[in-house]
Amino acid sequence: MMLYFGSFNPVHKGHIALAEWVVKHDLCDEVALIVSPQNPHKDAATLAPELERFEMAEIACKASAHPDRIRPSVIEILLPKPSYTIDTLRHLTENYGNDMEFSILMGSDQLERLGGWKESDKILEYPIYVYPRGGAVIPAELTDRITLLKDAPLLDISATEVRRRIESGEDTADLLHPDVATHIRQKDLWSPASHLAVVTAQLAERPDDIGLLLEHGKLHYRLNEWGAALNDFNRILQIAADHVEARQFVDMIQEILAFRYKDIYNP
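Presented here is a report on the structure given in the accompanying data block. (Residues numbered from 1 in each chain as written. Predicted model: local features only at pLDDT ≥ 70, side-chain atom pairs only at ≥ 80, totals over all residues. Heavy atoms only, no water.)

Let's shift gears to unusual backbone geometry. Here Asn9 and Pro10 are connected by a cis peptide whose omega angle stands at 5°. Take Pro10: it is sitting in the loop between β1 (2–6) and α1 (13–24). That bond from Lys81 to Pro82 is cis: its omega, 0°, falls within 30 degrees of zero. Relative to the helices and strands, Pro82 is located in the loop between α3 (75–78) and α4 (85–96). Of note in this structure, Asp26 is not a glycine but carries a positive phi near 55°. Along the chain, Asp26 falls in the loop between α1 and β2 (31–35). Unusually for a residue other than glycine, Asp188 sits at a positive phi of about 55°. (Helix = DSSP H or I, 4+ residues; strand = E, 2+ residues; numbered from the N terminus.)

All right, on to the packing of aromatic side chains then. Here the structure, examined in full by the defined rule, presents five aromatic pairs. Aromatic side chains Tyr221 and Phe249 sit 5.1 Å apart centroid to centroid with 80° between the ring planes, which places their arrangement in the edge-to-face category. Residue Tyr221 is found in helix α10 (residues 210–222), and its partner Phe249 is found in helix α12 (residues 244–260); the two are separated by 28 residues along the sequence. The partly exposed category is assigned to Tyr221, whose relative accessible area is 21%. Of the residues examined, Phe249 reaches a relative accessible area of 11% and is grouped as buried. Aromatic pair Phe233 and Phe249: ring centres 4.6 Å apart, planes at 15°, arrangement stacked. (Phe/Tyr/Trp six-rings, centres within 6.5 Å; stacked < 30°, edge-to-face > 60°. Buried < 20%, exposed > 50% of the residue type's maximum accessible area, 1.4 Å probe, protein only.)

Two numbers describe how α10 lies on helix α11 (residues 226–239): the axes approach to 7 Å, and their chain directions differ by 160°. Here α11 runs roughly antiparallel to α10, going by the angle between their axes. Relative to α11, α10 is oriented so that their crossing is left-handed. For the pair α10 and α11, contact is made by Ile210, Leu213, Leu214, His216, Gly217, Lys218, His220 and Tyr221 and by Trp226, Ala228, Ala229, Asp232, Phe233, Arg235, Ile236 and Ile239, respectively. (Axes fitted to C-alpha atoms, helices over the stretch in contact; angles between N-to-C directions. Parallel < 35°, antiparallel > 145°, perpendicular 65-115°, else oblique. Left-handed = near helix turned anticlockwise from the far one by under 90°. Contact = heavy atoms within 4.5 Å.)

This is the structure in structure tokens:
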């Protein structure tokens, strides 16, 4: 079984195309999309609830060319947190290793960070298949343990771009399976208003988190809530006076307000 770890936030056509390709080329009997609860390298403010991400992965896998061989897994959602790849591998090997062998599918960008993962040397004991991103090269010392999938499909899709389009109300037909897009609309995922509610709750716990304040301000900005946005960006400048992006937003909002409210009777 090939384990495809990821946030799948949301799962998109690029994820499924890659899973279909490895199955088509008989690199494994099955592909399991391991839905990660929280990737420490990803922004928690943009992360949909884990079960929502699993449900979207389930929808996409069922709609794939090989629904009997490409399926999502809740294993990391069920295991203790924080979730580490090596812990998941050990759990699977100890509980299912007599019936199946495991390999890993990852992007070359993840491979570059692998040295910082918990017990990365133990992870390298498993066969790793890497799909290239941006002209990837396997380090010489790892060529006997890692297979570069040079011909694997690399659709120019990122979950970040998917979420940006959703938040902006743009079309996602070329990025998402229609049933996944329907699920996102029904659950109101990543709309500016729903995202704002999530970030607001996080700010209640970490009121001086500059990253959250910036995201909070940008969401207010997209919703044309100028005063609330200005408060967020000014709060960032109180914490970090030289924050360039916050200063740029303050200047833009002030220009908008100056243009819209010229009349002294309509301040």
